[in-house]
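The residues making up each chain are set out below.
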Amino acid sequence: MIETPSYADALRILGCKDGRLAKVIGFGAAAERSGWPLAGAGQLVMGVADMRASVVRYGEDVLGRLPELRGGVDRHTRTQRLAAAHAVIVVSAYFEALGEAKLPFTLEQLDRTEKIARGVPTPERFARLMAALMLERLPTPEPHIPFGETRQAVERAYARMSEALAGYVAGLPVWDELSHDDQILLPRMLAEGPPAHALRVYDENYRSLALDSHEFGVRSLVTERPQPSTALSRVAWLLAELAPPRVGDRPMVHLARMAANLLDQPLLLAGKLPEDVYLPLLGEGYLTPRCRVAELTRDASPTLDGWWEDQRLLPDTEAFLVGHLTSLRATRAPLLVLGDPGSGKTKLTEVLAARLARSEFLPIRVDLQGVAPRADVTEQIEQAIAAVLGEEVSYGELVEAAGGAQPVILLDGLDELLLGGSGRYDYLARVEEFQRREAGLGRPAAVIVTSRTVVAERIRFPDGLLALRLLPFEDDQVRQWLEIWDQANRALLARRDLTPLPAEAALAHGEMARQPLLLLLLALYDAGGNAAQQDDPRRRPLKRSRLYEVLLRDFTERETGGAGRVVIDQELVLLGAAALSMLARGRQVITDEALERDLPALCHGGEDDPADADPDRPARAGWARRATERFFFVRRGGHAFLHSTFGDFLVAWLAVYALRDLDRRRSQAGDEPLALVQSVDDDLLYAVISHSCLAERGPIVGFVIDLLDDVPPEIRARCVEQLSGLLRRSLHECGRRHFTGFRPVRHSLARRLAAYSANLALLVVAAADGPVRVSELLPGPDATERWSSFTHLWKGQLGEEGWNGLVTALSARRVMENGVEDVVLGADDPTGMGDAVVAVATGHGPRHRRLLDLLLRALGEGRPLPYRDRVAILEELLRTAAIRSPAVHQALGALWAEGGADHVRLRPLLRAVLADPRERRAAWELLVKAGIPETSLWEMQQDDG
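Structure report, in brief. Everything quoted here is computed from the prediction, not taken from an experiment.

**Quick word on the overall build of the protein**
- A tally of helices and strands in the protein yields 45 helices and 14 strands.
- Scored against the burial criterion, the 945 residues of the protein give a buried share of 56%.
- In the protein, once contacts between residues fewer than 6 apart in sequence are set aside, the share between residues at least 24 apart is 77%.

So, in structure tokens, the structure goes:
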């Protein structure tokens, strides 16, 4: 939760000139800190009646001066003043109601009292009352909370005020003057009378506040569903209501604002666009997304769809965005935007930046794929600024030049930082530190960060972080977008006797039509020959892999003037090689230099020097341009795919192509004598799948499975047989290979063999018609031991991303038949995901694995066992069994965060987990993600040093 202002904070923010009111509140604050004798109580002459008059009078003054308070100041100062004004009307409403309440005494009677009542100085009692009424933090309207809930929070605050007043009265001599019945009824009278009346006064004052301040009016809109709009157009309207558009910016600020305005660019700002269709502009083709909103706590599960279904649905996303940017929360913690691939996260940042560009905000959009992944937040922002302005300008200089405009930093693509192996699991905490530091320098900034939902489990969330989840299109949104497509393309398509994609035909494809990017691609697919209108989804649902492949082939065929399959396959291999180079480097952006080196090495079967003396071979220069001039690439400090899933698909396609090529050449060999004694070389397959584990990026494995599903069963069966043989021989010495010039990253031989063998196992399971037994894959009496050798190699060589991805993708289940142990791969049992893989590689029998994880989870979360006993059990497991699993780190984090935790006793356990130098970095990151402060780990390390 963010810190909201108290009444005392409000007086300070608004510059209260009522000296007596400020004096009483100052006394209450000082008395709470140091005790009433040191707080100057002897000077206090004000009582409850006088206090009521001053508070009510000041509340009326604030409401009357609101236009003055909100005018002539910068955005953040206005936000602070409006929050303070709200705190004032909350408290003044209670004091107004208190003076009109029917009570068995008057407020003046409370003030005619002795200096000491019941052994306690009356000024001290009064100080405690003022602290309860004036120093407690008060509810404030927030855009993700309906006003009804804010009103309930105000009602609870009034109840606490009445409780404090009842306690104050019970300690005064006036209490003894009350009848017995009045003494019994007084708590109830205070609990029911003043709060109910105060709420009515608060409602009236809040309406006045909302009429004079559009910020509060915007927050009232978030509970209403608006008419459909495009490109966040209501955001611009609402911002204009708050303040007129800015004019006369300094040149560098003007350039930054102009760069943010992309509304007149095509909806997909890519390379060479298709010539026979019209892509709507961003300003006309982007639909406002539906969203759910939630505050992420320790128990949140934002990667699960089921968890999000229980969170609040935002009726008006645009009003929420404006309300958030004008709230206190915006400059104190980042807003996290989560969504599936193709849900429109990047487009949201582009459109929002464009709408903010002419407002009292200064949008700075940072594509996290195009900046240094390990740089701090300020450096990343400055790299993005330099790319826009063409010169190096410090962030502070730009903000200073903006003349009071509040910066809004849009950090797009946190998932790519995490998947790239940069270890930025604590990135959101770093962003929060950046905001705290900038606020301290007088430059408060709002920050919005986007990420894929599936990667959220790798992010450490600051307490109370607010998150949005972008939802798929509803039927009406699909129809609205296709109407825009129809208006843009009906005339163009009619020239080829085609019609735009109708909504019913699109909706028949189910979820394919409900993601914005996929809906656009589906419309492009249909524009080639109305294929989507002719497909029968009931007979054969269109899969994403099929959509991507048809789009790639159709576009390539049109660009090459109707080339045949071989030429088109060559072009797809070229694109796949570019995607493979990105995957091997762990980045989604690649330079011309890297492409010029890698593409010919793979696409021409190159040796160490692909540009040899062959006169028929094309020159090496121009490979990057040839690959990246396509519709599917965008410029981002290098070259990136239009969407990361295009790269994932192309890697999967290239892997399956290499496998099909291997099967084709093996089939051509037939039963020739030499074919019986020598196998067809696997050089292309080795070159494609030996640099990175395909499971590093989850979508790749899904695409592989989809592509292999389209392969005839008899071919898949042959592929399983060949892959199994390759896996059995994968760690043996191999003679000279081709494609040796393709080395995007120089890995050790052990690392490449680990990736190759792990990917062979993945391909076997993907190609098989059913589950695969390790005893069949690695026949012999020592099958489980050989499997154990493979898993040890994978865990030791694939790195954290590769290993975790493999455990997730390669489902495994231990079975016992006739007393013989076996492992079944590819089983549908969800409780066995990765069980055997992890268990064997960590040195524990599979039958123990689930029990150990359950025990570790119980140690971290259970309460029946005393704290000391739970720590002792965890210590025993670490010492005797040497268990090292994610559940250990989670248990340690839960024990550390528990109230009254004995951190001294936990330190030896932390040292044990961090003892292995090879595992220290990964263990450190997991411990921090589990909630153990990094500063505590540093202090422990320094003490050990």
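After that view, the rundown keeps rolling.
**A look at helix H7 (residues 122-135)**
- An ideal rise of 1.5 Å per residue puts 20 Å on 14 residues; H7 measures up with 19 Å between its terminal C-alpha atoms.
- If you check which residues of H7 are buried, you get Thr122, Glu124, Arg125, Phe126, Ala127, Leu129, Met130, Ala131, Leu133, Met134 and Leu135.

**What about unusual backbone geometry?**
- For asparagine 530, which is not glycine, the phi torsion reads 55° and is therefore positive.
- The exposure class of asparagine 530 is buried, given its relative accessible area of 9%.
- Within the chain, phenylalanine 739 stands out as a residue other than glycine whose phi angle is a positive 60°.
- Inspection of the secondary structure puts phenylalanine 739 in the loop between helix H34 (713-729) and helix H35 (749-767).
- For phenylalanine 739, a relative accessible area of 15% gives the class buried.

**Observations concerning the sheet that holds strand S5 (residues 335-339)**
- On the basis of which strands lie adjacent, the open sheet formed by seven strands has the order S4-S3-S9-S5-S8-S7-S6 and mixed pairing. Two strands bound the open sheet, and with one partner strand each, they are strand S4 (312-314) and strand S6 (361-367). Taking the axes of each pair of neighbouring strands and ignoring which way they run, one obtains an average angle of 25° across the sheet.
- Relative to strand S8 (residues 446-452), strand S7 (residues 406-412) runs parallel, the two being bridged by four bridges. From the neighbouring strand, valine 408 faces S8, where its bridge partner is alanine 446.

**Quick notes on the packing of helix H27 (residues 565-585) against helix H30 (residues 644-669)**
- Close contact between H27 and H30 brings their axes to 8 Å; oriented N to C, the two are set at 115°. For the pair H27 and H30, the sense of crossing is left-handed. Between H27 and H30, the residues in contact are Asp569, Leu572, Val573, Leu575, Gly576, Ala577, Ala579, Leu580 and Leu583 and Gly647, Leu650, Val651, Trp653, Leu654 and Tyr657, respectively.

Parameters and conventions
- Residues numbered from 1 in each chain as written.
- Predicted model: local features only at pLDDT ≥ 70, side-chain atom pairs only at ≥ 80, totals over all residues.
- Heavy atoms only, no water.
- Helix = DSSP H or I, 4+ residues; strand = E, 2+ residues; numbered from the N terminus.
- Buried < 20%, exposed > 50% of the residue type's maximum accessible area, 1.4 Å probe, protein only.
- Contact = heavy atoms within 4.5 Å.
- Expected span 1.5 Å × (residues − 1).
- Pairing = 2+ DSSP bridges.
- Axes fitted to C-alpha atoms, helices over the stretch in contact; angles between N-to-C directions.
- Left-handed = near helix turned anticlockwise from the far one by under 90°.

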